[in-house]
Amino acid sequence: SQKIEQNSEALNIQEGKTATLTCNYTNYSPAYLQWYRQDPGRGPVFLLLIRENEKEKRKERLKVTFDTTLKQSLFHITASQPADSATYLCALDMSSGGYNKLIFGAGTRLAVHP
Amino acid sequence: DAGITQSPRYKITETGRQVTLMCHQTWSHSYMFWYRQDLGHGLRLIYYSAAADITDKGEVPDGYVVSRSKTENFPLTLESATRSQTSVYFCASRTSGTDTQYFGPGTRLTVL
């Protein structure tokens, strides 16, 4: 079955630095991959989607890469701010029988320190 | 526009009791999903629905029942709650033709 690995340890960085989070997966390559942000006590919020034929996607200070050979996605936050502190979830498409379903990683907690 | 709401937000129940968690969305999205989130496991899909009266099992469906008589509602029922069902439950929805899911605020369920 598909397995997703995100760094379970919290990532601590200094304000202004670039945060890089990793999502690795096994088995078959998904048609697309998504990144979500989750704050404590709240539901996940969609950030970015990248398709298998796209190498890189950007949105403001966010950048996502997708390497189907390495079976890996990297999520970057440039010029990080304390407000970026949250848990970031990677989600892979698991289309089955025409019903698109997502499988989520456990998430990586990011703490940005002033 | 309320978007997607869940009720109750917090629930404490006892082993063996029946519990129903409610999910309501105002967007008329075709697809709706129920996930549970446990420490170290991430979000795991319980059930999903492609439209009213169409539901299917996800990764961890045992002990849960769903129904979808109306597009906007997708209740999740624990027929006989067990301690292992203590978790945070999230409902999500998406429209057909897009891949983004929109999540509700979650229900924290404790089974004693």
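To keep things clear, this report deals only with the structure shown in the data block.

What counts and what doesn't
Residues numbered from 1 in each chain as written. Chains lettered and ligands numbered in written order. Predicted model: local features only at pLDDT ≥ 70, side-chain atom pairs only at ≥ 80, totals over all residues. Heavy atoms only, no water. Core = buried A, V, L, I, M, F, W, Y, C linked by side-chain atoms within 4.5 Å. Buried < 20%, exposed > 50% of the residue type's maximum accessible area, 1.4 Å probe, protein only. Helix = DSSP H or I, 4+ residues; strand = E, 2+ residues; numbered from the N terminus. Contact = heavy atoms within 4.5 Å. Pairing = 2+ DSSP bridges. Axes fitted to C-alpha atoms, helices over the stretch in contact; angles between N-to-C directions.

1. Examining the nonpolar core
And then number 1: Grouped together as the largest cluster of nonpolar side chains are 23 residues, with contacts concentrated most on Trp35, Phe75, Tyr88 and Leu92 of chain A.
And then number 2: For this core, the secondary-structure elements that each account for two or more residues are β3 (19–25), β4 (32–38), β5 (45–51), β7 (62–67), β8 (72–77), β9 (86–93) and β11 (108–113) of chain A.
And then number 3: Here tyrosine 88 of chain A is in contact with Gln6, Leu21, Trp35, Tyr36, Arg37, Leu47, Phe75, Ile77, Gly107, Thr108 and Leu110 of chain A, once residues within four sequence places are set aside.
And then number 4: In this structure, Leu21, Cys23, Leu76 and Val111 of chain B belong to the second largest nonpolar core, which totals 19 residues.

2. Details of the pairing of β11 of chain A
Residues and elements named next belong to chain A.
And then number 1: Relative to β11, strand β2 (residues 11–14) runs parallel, the two sharing 4 bridges. Note that in β11 the partner of asparagine 12 across the bridge is alanine 111.
And then number 2: Looking at chain direction, β9 and β11 are connected through 3 bridges and run antiparallel. Each bridged residue has a counterpart across the sheet, and for threonine 87 the counterpart in β11 is arginine 109.

3. With respect to the sheet that holds β7 of chain A
Residues and elements named next belong to chain A.
And then number 1: Read across the sheet, 5 strands follow the order β1-β3-β8-β7-β6 without closing on themselves; strand pairing throughout is antiparallel. Looking at strand neighbours, the two that pair on one side only are β1 (4–6) and β6 (56–59), the edges of this open sheet. Put simply, the sheet's adjacent strands are angled 15° from each other on average, direction ignored.
And then number 2: Both β6 and β7 contribute to a ladder of 4 bridges, which runs antiparallel. Bridged to glutamate 56 within β7 is threonine 65.

Honestly, it's all geometry; don't read function into it.
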